[in-house]
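# Fold and geometry: a report
Now for the letters of each chain:
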Amino acid sequence: MTSKANVRRSAANELSENRKWLREQINSYFFTSMQDEPEALVLLERELRSLKSNRRLILADRDKSLILARVNEPGSLYDSLRHFQDREISYAMITHSDGPMPGMNQALEIQRFEFDRKSNDDIMAWKDVQLPKGLLRKIAAELRATYPEFDMKEFDRLLKILWLNNESYVKVASPLRVAQVLQLLQKSSRSGGLYLHVEPTPDVKISRVHFAVANPPQKEFLLQLMEVFNRLDLGVNRAYCLTISNGIHPYFLGTFLVNRRSGEVLEPGSELYRRLQQELYNTQIVSTKSYTYREFVTNNVMTGEEASLVNAFIAFCHTNLAHNQPDRFGLDDVQNAFHAHPEMSLQLVKLFKARFDPAITESHPLYASIREETVRAVNDYNTGHRYLDEVRRAIYRCCLIFIAHTLKTNFFVLEKQAFAFRLDPTYLTELGPAFTADLPQALPFRVTFFFSRFGFGYHIGFSDIARGGWRTVIARNMDDFITNSNTIFRENFVLAHTQHLKNKDIYEGGSKLVLILDSSDLQRGSERQMENWRLYKLQHGVTNAFLDIFVTDHGVARSPSVVDYYREDEPIELGPDENMHDSMIENIARISKRRGYILGIGIMSSKEVGINHKEYGVTSTGVVKFAEITMAELGIDIYRDPFSVKFTGGPNGDVAGNAMRILLERAPQVAVKLVLDGTAALCDPEGADRKELGRIVLQQDLDAFDPQALHPGGFLLYRSGSRRDGLRELYKKVSKTAEGLREEWISTDEFSRVYAGLPFTVKTDLFIPAGGRPETIDKDNWQNYLLPSGAPSAGAIVEGANSFITPEARVQLQKKGVIIMRDASANKCGVISSSYEIIANLLLTESEFMAHKERYVQDVLEILEQRAADEARLILRRRREQPGLLCTEISDALSGEINQQYATIYRFFQNRPQLCLQPIYKKAILSHLPKMLRDEPKYAKRIKNLPQKYLFAILAAEIGSSLVYRGDRESDFEATLKGHLTRMFGE
């Protein structure tokens with residue numbers, strides 16, 4: 001026999017042995033799932049023994065797929081994943097042989113990856129999909145047999161979604177595997193986005209773990225899950241993981257067959273199962289890029305939950321200490337305090353757990369001893385570096401204060417995607433003036449801190465029943481993240497305090513929820529969709545964390561995992577603000593109703609069953625009313641006389657756009673000389689063409705304005721659509737001259753100088769800042785608002801945007817003769833409108849509201865006009881009575897008077913709840929309501945069903961505001977004296 005024949009026979013024998021070994025040692029489902037890759041199987045059978053001398057065998061390597069055969073050894077999966085960590089995996093299959101490969105001590109590991117994620121738009125066409133009828137029948141039968149609890153009403157939609165995401169998987173996989181995926185998808189969507197289920201297999205040593213996550217972390221998530229299994233000594237024999245889109249965001253759907261290397265069986269209810277729950281759920285909170293994860297979790301110094309809590313400690317201490325001393329307590333300083341001494345971090349974690357573990361709590365003797373040893377460790381901290389030691393002791397003491405003043409937290413709730421910590425606000429007093437001197441001199445009613453994988457922030461409220469917007473600041477680079485982290489607490493505090501001044505006319509005090517979203521690791525443009533997914537993930541997680549601690553039964557947190565030291569209902573109303581999209585608004589309302597929050601869908605305003613601020617221009621209604629009354633004080637009737645106005649904020653913005661709309665409709669001689677938004681600046685000495693401006697108002701941004709409509713001397717300066725000339729970035733400027741339009745491209749320096757200077761220098765009668773960043777006019781640049789003659793560029797400013805002018809700058813400008821109507825007064829009508837949305841949610845059914853919506857909204861708009869007019873006229877009247885007073889001082893004083901009255905009256909009714917529905921007080925409650933609710937008996941009688949705290953608050957708001965706006969201080973004092981004397985001495 002020739003040598004060639006021997007080689008062929010040897011190769012044939014080896015191929016036969018390899019094929020036989022593969023069939024014996026690898027689960028049969030592997031071959032079913034590889035039906036669509038026959039060439040890869042042939043290559044595996046032929047080249048299996050090459051793994052004796054090679055680490056890996058590439059079975060397929062294409063643009064959208066990669067299949068590897070590898071020697072199964074520690075780090076093999078990590079080694080593969082790290083080579084394409086920035087690619088989005090749509091499907092992963094990991095399979096191990098049961099025994100070692102021929103002639104080797106190691107088992108075979110086969111890794112299959114697909115990189116074919118479908119976009120949300122690809123999935124929106126699911127209704128048009130036609131599936132093979134035979135396939136439908138088989139999968140439906142399998143679902144009914146294996147998962148009888150599956151809601152078959154969703155079968156058609158979910159299967160079509162799966163088909164559009166991965167058609168080949170549905171075709172190749174067995175009906176059982178497809179049924180498992182559909183069950184996972186439905187379960188996770190109905191359980192708040194997290195679902196874990198463990199079930200036995202015929203091999204008692206192996207358990208099947210199903211884990212699903214809505215909107216999972218985009219990078220390194222599969223690797224993080226594998227690390228969890230490895231850390232818990234769970235070997236993964238096989239894994240099948242799909243990441244699909246449901247048309248809104250992705251879902252991760254994973255099935256893992258695992259066994260405990262020590263032989264212990266993974267069973268629901270066991271300690272191992274509890275730890276697996278904690279660690280898998282915690283992947284939604286601990287980031288793989290964090291130092292605590294890389295150095296402490298992967299090296300078994302901390303559990304994932306402990307590392308997450310340490311990261312929360314860092315964020316809290318940094319944000320509370322840095323706003324007043326950023327150089328001493330920068331992010332690096334605070335991180336190093338916890339990273340350099342993991343034993344101190346773990347001691348603080350130990351104390352926190354002792355206070356909030358439902359099995360211990362602070363009444364347990366163990367808590368006192370742990371607290372004593374922790375305080376001693378902090379006080380005795382000494383490395384011999386005096387300055388550094390002082391800084392770190394201050395950081396650790398801040399953490400001690402945080403733990404001691406937290407009143408409830410969801411840390412021990414398993415199914416969470418963010419932490420929530422409700423604090424007693426007196427912690428600020430304990431921090432001391434060194435860290436609070438830059439805050440308004442008022443103590444909040446509550447402070448709640450939130451922390452998640454992608455961001456953190458605060459809800460700060462200044463009364464029991466409080467409302468205010470939810471703002472998310474997106475940090476797109478590390479400079480933005482660090483800068484915003486330094487100031488977020490102060491910014492949040494100031495916004496909430498301003499909101500409290502603004503809310504004086506309604507039964508809710510002021511509050512604000514501000515979060516920072518960290519998207520600094522995402523590439524611009526190509527990962528923009530990921531940023532939105534991350535935004536939704538942060539907001540969804542914080543919503544559920546909020547409800548974990550604020551959903552109560554008889555005042556006590558409903559979840560048994562929440563130790564509640566506060567023990568009262570807390571009605572907190574939220575509203576949409578920066579980066580809060582309509583889909584999330586609706587989602588928050590649905591979740592709140594489903595989870596049984598005291599306010600139901602009333603938690604969030606501006607939904608379909610509500611009053612859309614932009615559609616009805618509710619904030620601008622008040623801004624324009626303030627402008628009308630202020631200009632009348634200066635001798636100008638804006639509805640009859642010619643006058644000029646400048647705006648920051650674009651025509652498509654809520655406040656600026658609606659203010660322009662109202663003025664274009666009602667003020668025939670208005671000249672809009674300046675408009676400035678994020679896309680462009682329009683400057684026209686004769687005023688923007690009314691027809692062209694009206695065309696884009698509430699429809700398009702300013703860069704859509706047709707430059708042909710400019711008057712001579714006018715120009716458009718475009719912030720959007722810049723271009724590069726070598727290393728220089730250039731911006732387009734289009735000017736109208738006597739000869740026509742002239743286009744030029746200007747440098748970044750010139751653009752920045754002109755663009756930033758326009759609000760200061762363009763001369764008009766009225767300035768309405770209705771957009772732009774807070775503190776645009778401050779103590780360092782307010783003089784730029786003065787013309788060369790020394791006169792202000794506009795004699796009246798009505799603040800449609802919050803905090804556009806700093807307090808110091810307001811004072812200086814008013815001393816120069818400018819009348820300023822500050823934000824807390826001028827733009828208060830948006831929050832008043834939102835308050836009446838909540839009233840509607842509490843007193844009307846959804847169908848009743850929708851049937852009478854236009855009537856109800858008109859009633860609310862009348863209230864808004866009246867509330868704005870009451871305050872504007874009172875401010876100007878007091879200014880005439882006491883010329884030395886500034887309008888902003890009067891505004892603050894009015895808010896203080898009304899809020900003080902509110903607090904006194906609220907406490908009065910808290911102590912005498914039986915008075916609320918007596919005729920005179922019932923009449924006061926009804927007078928606060930829109931006309932439709934007052935006049936219709938079937939609605940009016942429903943006020944008795946309002947939560948008792950709401951009755952107290954409505955009475956306090958209506959009586960307190962009417963005493964100030966429509967009262968007479970001398971007459972009211974006289975009536976008080978007469979009442980007192982009558983009680984004391986009789987008639």
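Calculation rules
- Residues numbered from 1 in each chain as written.
- Predicted model: local features only at pLDDT ≥ 70, side-chain atom pairs only at ≥ 80, totals over all residues.
- Heavy atoms only, no water.
- Helix = DSSP H or I, 4+ residues; strand = E, 2+ residues; numbered from the N terminus.
- Rg over C-alpha atoms; globule rule 2.2 N^0.38 Å.
- Buried < 20%, exposed > 50% of the residue type's maximum accessible area, 1.4 Å probe, protein only.
- Contact = heavy atoms within 4.5 Å.
- Areas by Shrake-Rupley, 256 points an atom, 1.4 Å probe, with all protein chains shown as cover.
- 1 Å grid on protein atoms, 1.4 Å probe; cavity = no way out; pocket = protein on both sides within 12 Å on 5 of 7 lines; lining within 4 Å.
- Points joined across faces, edges and corners; volume = space filled by probe spheres on them.
- Nonpolar A, V, L, I, M, F, W, Y, C, P; charged D, E, K, R; others polar.
- Salt bridge = Lys/Arg side-chain N within 4 Å of Asp/Glu carboxyl O.
- Pairing = 2+ DSSP bridges.
- Axes fitted to C-alpha atoms, helices over the stretch in contact; angles between N-to-C directions.

Summing up its helical and strand segments, the protein has 38 helices and 27 strands in all. For the protein, the C-alpha radius of gyration of 33 Å lies close to 30 Å, the compact-globule estimate for 987 residues. Each principal axis of the C-alpha distribution contributes one length, and for the protein these read about 125 × 85 × 70 Å. Per-residue burial for the protein yields a buried fraction of 58% across its 987 residues. For the protein, contacts bridging at least 24 residues in sequence account for 71% of all contacts bridging at least 6. Working note: accessible area of the protein is about 40700 Å², and carbon and sulfur atoms make up 49% of it.

Once that is clear, we can look at the layout of surface pockets. Considered as a void within the structure, the second largest pocket measures approximately 1200 Å³ in volume. Along its surface, the second largest pocket is lined by 40 residues, and His 96, Leu 234, Gly 235, Val 236 and Arg 261 are the ones closest to its centre. Listed by contribution, the elements that provide at least two residues to the lining of the second largest pocket are α4 (76-82), β3 (91-100), β4 (107-114), α10 (221-231) and β7 (234-245). In terms of residue count, the dominant contributor to the lining of the second largest pocket is α10 (seven residues). Class assignment for the residues of the lining of the second largest pocket results in 14 nonpolar, 15 polar and eleven charged.

With the rule as written, the count across this model stands at 68 salt bridges. Between Arg 190 and Asp 151 there is a salt bridge, with its nearest N and O atoms 2.8 Å apart. Residue Arg 190 is located in helix α9 (residues 175-190), and its partner Asp 151 is located in the loop between α6 (133-146) and α7 (155-165); the two are separated by 39 residues in the primary sequence. The class of Arg 190 is partly exposed, set by a relative accessible area of 47%. Residue class for Asp 151 comes out partly exposed when judged on its relative accessible area of 23%. The shortest N-O distance in the salt bridge between Glu 279 and Arg 231 comes to 3.1 Å.

A separate point is the sheet that holds β7. Taken in spatial order, the eight strands of this open sheet run β1-β2-β4-β3-β7-β8-β6-β5, and their pairing is antiparallel. In this open sheet, the two strands that pair with only one neighbour each are β1 (56-62) and β5 (194-200). Neighbour-to-neighbour, the strand axes of this sheet turn through a mean angle of 10 degrees, independent of strand direction. With seven bridges joining them, β3 and β4 adopt antiparallel strand pairing. Looking at the pairing, Tyr 91 lines up with Glu 114 of β4. With respect to the sheet, helix α3 (residues 38-47) is in contact with β1, β2 (65-71) and β4, its orientation differing from that of β1 by roughly 165 degrees.

This paragraph deals with the environment of Gly 193. Within the fold, Gly 193 resides in the loop between α9 and β5. Its relative accessible area of 5% is what places Gly 193 among the buried residues. Sequence separation between Gly 193 and Glu 531 is 338 residues, and the spatial gap between their C-alpha atoms is 18 Å. Residues contacting Gly 193, with those up to four places away along its chain left out, are Ser 188, Ala 212, Val 213, Ala 214 and Gln 417.

In space, the seven strands of this open sheet follow the order β9-β10-β11-β12-β14-β13-β17, with mixed pairing throughout. Across the chains shown, the open sheet's two edge strands, defined by having one partner strand only, are β9 (406-409) and β17 (572-576). Taking each pair of neighbouring strands and ignoring which way they run, the sheet shows an average axis angle of 20 degrees. Sheet analysis places strand β12 (residues 455-461) next to strand β14 (residues 509-518), joined by seven bridges and oriented antiparallel. Bridge pairing in β14 links Gly 461 to Ser 511. This element, helix α13 (residues 304-322), spans β10 (419-423), β11 (446-452) and β12 of the sheet and lies at about 130 degrees to β11. Helix α20 (residues 478-502) contacts β11, β12, β13 (466-475) and β14 of the sheet and is inclined by roughly 165 degrees relative to β14.

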